[in-house]
Amino acid sequence: MKEMELVGVRIELPSNAPIVLLRETDGEGRLLPIFIGGAEAQAIALAMEEVETPRPMTHDLFKDVLDHLGVRLERIVVTELRDRTFFAELELAGGNGARRISSRPSDAVALAVRTGAPIFAADSVLDAAGHTVEPEDSEGDETPAEEVLDQFREFLDQVTPEDFNG
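An account of the accompanying structure is given in this report.

Cut-offs used in this document
- Residues numbered from 1 in each chain as written.
- Predicted model: local features only at pLDDT ≥ 70, side-chain atom pairs only at ≥ 80, totals over all residues.
- Heavy atoms only, no water.
- Pairing = 2+ DSSP bridges.
- Helix = DSSP H or I, 4+ residues; strand = E, 2+ residues; numbered from the N terminus.
- Axes fitted to C-alpha atoms, helices over the stretch in contact; angles between N-to-C directions.
- Contact = heavy atoms within 4.5 Å.
- Salt bridge = Lys/Arg side-chain N within 4 Å of Asp/Glu carboxyl O.
- Buried < 20%, exposed > 50% of the residue type's maximum accessible area, 1.4 Å probe, protein only.
- Polar contact = N/O pair within 3.5 Å; in protein donor to acceptor, adjacent residues only side chain to side chain.

As a further point, take the sheet that holds strand S6 (residues 97–103). Ordered by their spatial adjacency, 7 strands build an open sheet running S3-S2-S1-S7-S4-S5-S6, and the pairing between neighbours is mixed. Of all strands in the sheet, those with a lone pairing partner are strand S3 (31–35) and S6, marking the two edges. Taking the axes of each pair of neighbouring strands and ignoring which way they run, one obtains an average angle of 35° across the sheet. Judged from the 7 bridges that link them, strand S5 (residues 85–94) and S6 form a sheet pairing that is antiparallel. Its bridge partner lying in S6, leucine 92 is registered against arginine 99. The strands touched by helix H1 (residues 38–48) are strand S1 (2–12) and strand S2 (17–24); relative to S1, the strand with the most contacts, the crossing angle is about 115°.

Okay, here's the thing in structure tokens:
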């Protein structure tokens, strides 16, 4: 199992397919692209930008319910890639002990961003769908995250959303 960081959410053209992009924090630094729905992409982006909506969005409500019940989201794990579909679990801890709950990766990430919970991916998922970005000497003004996204866009030109159905 590898810890991941959330690089961002993008809408890739020409397919207009939203993706969440995770990066391995150590080791090979592999990228894990997961195609997600538009509503989930918006929910993740809003949380990343710390935008407060006038009324709680679904993931905000879920976080509030967990808080009121005294339950912590310990971490999320992208556990499996089966038939081109990613699976994840929420690892919760509270007064009644630890629990694991099945989740779509997009919902799990949206909740992790709101709670500050760490994100992990199973080694088997990274082996099957992770993409290694080759380091390059950069003399431009791009930030490392922008460089990673540029390299990842090149990778996306070779795949279709069906390759990573999430």
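Still to come is the rest of the account.
Glancing now at the pattern of salt bridges. This model, assessed by the stated rule, comprises 12 salt bridges. Ionic pairing is found between aspartate 67 and lysine 63, a salt bridge with its closest N-O pair at 2.7 Å. With a gap of 4 residues between them, aspartate 67 and lysine 63 both fall in helix H2 (residues 58–69), about one helical turn apart. Relative accessible area serves as the criterion here: at 45%, aspartate 67 is assigned to the partly exposed category.

Along the polypeptide, arginine 82 turns up in strand S4 (residues 72–82). Taking relative accessible area as the criterion, arginine 82 reaches 40% and is therefore assigned partly exposed. Here the alpha-carbon distance between arginine 82 and valine 125, two residues 43 residues apart in the chain, equals 9.3 Å. Engagement of the side chain of arginine 82 in a polar contact is seen with the side chain of glutamate 80, the distance being 2.8 Å.

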